[in-house]
Amino acid sequence: MKFVGLVGSNADQSYNRMLLEYIRKQFKLKFELEVLEIDEVPMFNQDQDWKESFQLRLLYNKITRADGVIIATPEHNHTITAALKSVLEWLSYEVHPFENKPVMIVGASYYDQGTSRAQVHLRKILDAPGVNAYTLPGNEFLLGKAKEAFDENGSIINEGTVKFLETCLDNFISYVGVVSKLKKPKPIETEDLDCNHPISTTITEVDPDDPDWVEKVAEITGAVSGNTYVKLDHGILTVDQINMFLKSMPFELTYADDNNQFLYYNNAHQDPDTMFAKRIPSQSGNRMSTVHSSLPAARMKNVEWVIGTLRNGNQEYVRTLIPNPNPAVLNTHNYQAMYYDDGSYAGINEIVFNFKPWLDWYLETTGQRLVGGGTGASSGASNNSNHGASDATSGASDSAHTGGSTPAADASSGASSH
Ligand SMILES: Cc1cc2nc3c(=O)[nH]c(=O)nc-3n(C[C@H](O)[C@H](O)[C@H](O)COP(=O)(O)O)c2cc1C
């Protein structure tokens, strides 16, 4: 499960931040927790555009996609901080990321009963129609005497307190599992597969379907190639090295941006004759509608569904198993959303991967066998004549989001042989 934690304080030194950091470290095997700040969010003003604040956009995007939210609230004058209230006003006015979102409240403060009054207020606020969160009932975790509660490593000293915190968090995990069933997926807007909404990186001078798109765009942008060094987040490589690296991957990678423009593929790992939409060099730069022009209308709808689902944050990935008559092939397609720094949708990466050789290797190395299931799993879907309904699994993280069966979808490659 993926949770986000909101630090309800905008102070540089905050016991509520310490509490969330402790929860993140101590319970990392139970869930992932990303701690988010509110210190740069301006005071709520309904005349201003919420999108102008980077931190608000980040909060909106992260909360929207999280399985649950843990709010650590301080207590100021027997209520929550003005900073936290302001954030909740922003996020309940034009946008409503808390709607039907499981939320747990914790709090740290100086005094014995610290945050109990703030927590009562916060519950009421989270219940307001514009916020509409599903707040975990009971389980009031109050960390009083916060100054003495942590050791020098930021760990809570009292064992009983840690045990109680763990019980509350376990209850929250169960609650998220139940409440997620009530979640209403956000409606999927119609996708523009014709790239009519250029983004900041779109080169508008060259038609996306131009077969010489790569060469022409390279000239306009002065794109580097060959032995020129490129600085990446975690390394420096030449363009040749990047190409070599990507082409050696034992799977196919594709990249379509948030304007639905097909920008890149690493290598044709799959026999083009088994694909509806063959992967050929002139596809780079194409409109998604062109990449999929040979697909029947129903499959085109699937492409739109996959992109729309990833774009609106209903799921982080969509995965399909594509049946193949060849017993040496267990082909999966994994479509994963990419995000800009503010957490907004940046497009799709796709991995087309035959994991049969890896599966065989794993079974041989560990001595394990596949049992049950009845589909002859190790020889894959190969002998399965029911090729009409390949399931796509999906999720923001795990069981909380198993969306069940989704359309067999070929978002960017259109690869499928049935
Ligand atoms: C303006 C103000 C009002 C406060 N009121 C309360 C209060 O009503 N109850 C309480 O337990 N602590 C109160 N405190 C002390 C806070 O518990 C303490 O500052 C705490 O560290 C705030 O959380 P933080 O460290 O995450 O910012 C107050 C602090 C300030 C600055």
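Residues numbered from 1 in each chain as written. Predicted model: local features only at pLDDT ≥ 70, side-chain atom pairs only at ≥ 80, totals over all residues. Heavy atoms only, no water.

## A few points about the overall build of the protein
Within the protein, the regular secondary structure consists of 11 helices and 14 strands. Burial status across the protein gives 48% buried among its 418 residues. As presented, the protein carries roughly 21000 Å² of accessible surface, and 53% of it is formed by carbon and sulfur atoms. (Helix = DSSP H or I, 4+ residues; strand = E, 2+ residues; numbered from the N terminus. Buried < 20%, exposed > 50% of the residue type's maximum accessible area, 1.4 Å probe, protein only. Areas by Shrake-Rupley, 256 points an atom, 1.4 Å probe, with all protein chains shown as cover.)

## Notes on helix 10 (residues 297-311)
For an α-helix the count is 3.6 residues per turn, leaving residues at separations of three or four pointing the same way. With 15 residues, helix 10 extends 21 Å from end C-alpha to end C-alpha; this agrees with the ideal 21 Å at 1.5 Å per step. Listed in full, the buried residues belonging to helix 10 are R299, M300, N302, V303, E304, V306, I307, G308, T309 and L310. Tucked into the core, helix 10 has its buried residues touching helix 9 (288-291), strand 11 (317-322), strand 12 (331-339) and strand 13 (345-354). Residue G313 follows helix 10 closely and has a positive phi angle near 85°. (Expected span 1.5 Å × (residues − 1). Contact = heavy atoms within 4.5 Å.)

## Remarks on the nonpolar core
Side chains that are nonpolar tend, in soluble globular proteins, to be buried together. F3, L19, I23, F31, I70, I156 and L165 are the most contacted members of the largest nonpolar core, which has 33 residues in total. Elements with a minimum of two residues in this core: strand 1 (2-7), helix 1 (15-26), strand 2 (32-36), strand 3 (68-72), strand 4 (102-108), strand 6 (141-143), helix 5 (146-149) and helix 6 (159-179). Ranked by the residues each element gives to this core, the list is headed by helix 6, at 9 residues. Excluding anything up to four places from it in sequence, I156 contacts L19, Y22, F141, L143, A149, F150, T161, V162 and L165. The next biggest cluster of nonpolar side chains, apart from the first, holds 31 residues, and it includes V4, I71, V95 and L126. (Core = buried A, V, L, I, M, F, W, Y, C linked by side-chain atoms within 4.5 Å.)

## Some details on the packing of helix 3 (residues 82-90) against helix 4 (residues 116-126)
In contact at an axis separation of 11 Å, helix 3 and helix 4 are set at 10° when each is read in the N-to-C sense. Here helix 4 runs roughly parallel to helix 3, going by the angle between their axes. Contacts from L84, K85 and L88 in helix 3 reach L122, I125 and L126 in helix 4. A per-class count over the contact of helix 3 with helix 4 returns 5 nonpolar, no polar and 1 charged. (Axes fitted to C-alpha atoms, helices over the stretch in contact; angles between N-to-C directions. Parallel < 35°, antiparallel > 145°, perpendicular 65-115°, else oblique. Nonpolar A, V, L, I, M, F, W, Y, C, P; charged D, E, K, R; others polar.)

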